[in-house]
Amino acid sequence: VGFREIRHVSDLRPVVNSHPQGRRVDPNAPDKYLSPLKCLTVALPQTFTLCNSSFRYESSENPRRVLTKPSKPVYNDGVDNEDWDYILYVNDVLGGENGGDRYLILDVLGQGTFGQVVKCQNMRTHDICAVKVVKNKPAYLNQSKMEVAILDMLNKQYDPNDRHHILRMFESFTHKNHLCLVFECLSSNLYELIKQNQFKGLSISLVKVFTGQLLDCLQVLKEARLIHCDLKPENILLKSLQSPHIKVIDFGSACHEMQTVYTYIQSRFYRSPEVLLGLPYSTSIDMWSLGCIVVELFLGLPLFPGTSEYNQVSRIVDMLGVPPHHLLENGKQTHEFFNFVGVDAHGRKQYQLKPMDQYASEHRTNEQPSKQYFSHTKLKDIIMEYPVSKRNAKQSDIDKEMAFRRSFIDFVEGLLELDPLKRWTPQQAAKHPFISGEQYTGHFVV
Ligand code: ADP
Ligand code: MG
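A.B. asks: Looking at this structure, I do not really get the coordination of the magnesium ion (ligand 2). What am I missing?
C.D. replies: Think of it this way: four donors in a tetrahedron around the metal ideally sit 109.5 degrees apart, and six in an octahedron ideally sit 90 or 180 degrees apart. Every protein donor of the magnesium ion (ligand 2) is listed here as Asn 235 (OD1) and Asp 250 (OD), and their distances to the metal cover 2.1 to 2.4 Å. You can see Asn 235 sitting in the loop between strand 9 (226–227) and strand 10 (236–238) and its partner Asp 250 sitting in the loop between strand 11 (246–248) and strand 12 (255–256), a full 15 residues away along the chain. Comparing Asn 235 with Asp 250 shows no difference in burial state: the two are buried.

A.B. asks: Explain the sheet that holds strand 4 (residues 102–111) here, please?
C.D. replies: Backbone-to-backbone hydrogen bonds join strands into a sheet, with any given pair of strands oriented parallel or antiparallel. Reading across the sheet, the six strands line up as 3-4-5-6-8-7 and stay open at both edges, with antiparallel pairing between neighbours. A strand with exactly one partner marks an edge of an open sheet, and here the two such strands are strand 3 (93–95) and strand 7 (169–175). Taking the axes of each pair of neighbouring strands and ignoring which way they run, one obtains an average angle of 40° across the sheet. Pairing of strand 7 with strand 8 (residues 178–184), which is carried by six bridges, proceeds in the antiparallel orientation. The residue of strand 8 that forms the bridge with His 175 is His 178.

A.B. asks: Honestly, the side chain of Ser 289 in this entry has me stumped. Any pointers?
C.D. replies: Mapped onto the secondary structure, Ser 289 falls in helix 7 (residues 284–299). Not counting the four nearest positions on each side in its chain, Ser 289 is found in contact with Leu 231, Gln 266 and Tyr 270.

A.B. asks: I keep staring at the pairing of strand 2 (residues 29–34) and nothing clicks. Help me out?
C.D. replies: Successive side chains on a regular strand alternate, one facing one side of the sheet and the next facing the other. Bridge count between strand 1 (residues 24–26) and strand 2: three bridges; the pairing is antiparallel. Opposite Arg 24, over in strand 2, you have Leu 34 as the bridge partner. Hairpin geometry of strand 1 and strand 2 is characterised by an intervening segment of two residues between the two adjacent antiparallel strands.

A.B. asks: Before we go on, may I ask you to explain the state of the cysteines in this structure?
C.D. replies: Every disulfide links exactly two cysteines, by a covalent bond between their sulfur atoms. A complete count under the given rule lists zero disulfides for this structure. Left without a disulfide partner, Cys 217 is nearest to the cysteine sulfur of Cys 229, which lies 13 Å away. Judged by its relative accessible area of 1%, Cys 217 is buried. Between Cys 229, a free cysteine, and Cys 255, which holds the nearest cysteine sulfur, the sulfur-to-sulfur gap is 4.0 Å. Judged by its relative accessible area of 1%, Cys 229 falls in the buried class.

What counts, and where the lines are drawn
- Residues numbered from 1 in each chain as written.
- Chains lettered and ligands numbered in written order.
- Predicted model: local features only at pLDDT ≥ 70, side-chain atom pairs only at ≥ 80, totals over all residues.
- Heavy atoms only, no water.
- Donors = N, O, S within 2.8 Å, 3.2 Å for Na, K, Ca; no water.
- Helix = DSSP H or I, 4+ residues; strand = E, 2+ residues; numbered from the N terminus.
- Buried < 20%, exposed > 50% of the residue type's maximum accessible area, 1.4 Å probe, protein only.
- Pairing = 2+ DSSP bridges.
- Axes fitted to C-alpha atoms, helices over the stretch in contact; angles between N-to-C directions.
- Contact = heavy atoms within 4.5 Å.
- Disulfide = S-S within 2.5 Å.

Following this line, the structure appears as C-alpha cells:
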C-alpha cells in the first residue's frame, strides 16, 4: 500500500503540499506561503505584530549608533562634545535648513584636525557622498571657509571637467553652527594603502602612475598660484579600490602664494627646508612634500620621520647635506638649528648643524638620536639596495627594474632639492623620463 511501480522518469512526480503545515500566508502574495526563514528575517515585523498586536515598526526608532568620540554632550545646547565636535549618530540627518538638501548619516569615513568626515546619502537624489562636519570653533570655521572658497574656485575655474585629480565639492551649508562641506565619496587614503601592504612599499610602476596624477594636480595649483601646504599620504585618496585613480583632498591649510600668513605649516615628515628655516615660501613647498611622498610610496616607510623639528632638520642634513648658504643666511629659524662657524674664501658665512646635546640644552627638549630605518644613508643607495620583489626573478626583469630605479632616483633628486629656486616645478618634473615614459639615458636637465 502506498507504493507505485516506476516504469518511466515521468512517473517521478514530486508532490507539493499546497498548504504546508505551520506556514502562514504571505500578506504580499495571498497564494503563497512564507517559510520559517522568511518569517524570521524579511517578514520579522509582521511576525512580531502577530505575536503582539500593539507592536509597530518604524525605522526612525532604530537605535542610533553614535559615531563621535567622546560622545558626552558638553557645548552648543548639548549637541557638541568637549572638543566642539558635533555628536554624530547613524541615521541622523544633516542639513535641510532653509529648504536645502538633507543628508542621512550612514557611517564614519575619517577624522582630522578640522572635524569629522562621514559617509552620507543625499535624501533627494539618493547619491552617496562624504560630508566634512567642521568643529564649532571660530579658528576652524574661518579656515574651512577658505577651504570652501579654494575648492569652489579650483573645481569651477581651473578643473571644470574633473580631469586634474582634485576633490569635487558639491555644496556647503551650516548645521547647528557647524560648517558642513559635501564632497564626492572616495575610498582609502594612501597611508592606509601602504599599511594594508604591510609597509612593504608599492611597485615602481604604481608609484609612477600615482606620481603622474599628483603632478597633474600640482600643475593646476601652480597655475592658480595656490599652495596646498599639507600634502601627505593621508590627504591623497583612491577614487575606488578597482583602479589606481587618485584625488588630492584636504585644502583646509591651503593658501594663495600672495597670502602666506602662517609659518608653522605642513606635517612634520613632509615639511620643506624653507619652512623649517623660517623663510618665505611658495608652491615649491608642495614639490618637496611630493618628493617625500613618492619615496615613501616606494619604500613603504617615511623618508624623513622626524620626531621633532630639530630631528627633522638633522635627518634632512644627514641625507642631503647643509642647505645652501643663502637659505641659512636669511632663515628666521637658522640660529635655532645651526652654529655659525666662520667665513669661507668668498666671504660667505659657514654654518654647521648644532650637535644634538647643544640643541637639547638650549631648548630644554629631550632630543633622541635618529632611529634609522634604512641600512644606507644616501637616497641613491636606499633605493638601489631596496629588495626586488620575487615576482621579478628573471634577470631581464631585474635589469628593467634597476633601470627604472635609476630614472626614479634622478627624478626624486630634482624634487628633494634643498634650494626652492632650483627645485623642479610640477611642469618641469612632468617632463622627466620617469613620468613621460621616454628612455632614461642619464641625468635629466630641465
Ligand atoms: P582634516 O582637514 O581634518 O585633516 P580631511 O579633509 O583630511 O580633514 O579628512 C580627514 C580624513 O577623512 C581623510 O584622511 C580621509 O581618510 C577621510 N576623508 C576625507 N574626505 C573624504 C572623501 N571625500 N571620501 C572619503 N573619505 C574622506
Ligand atoms: Mg587631512
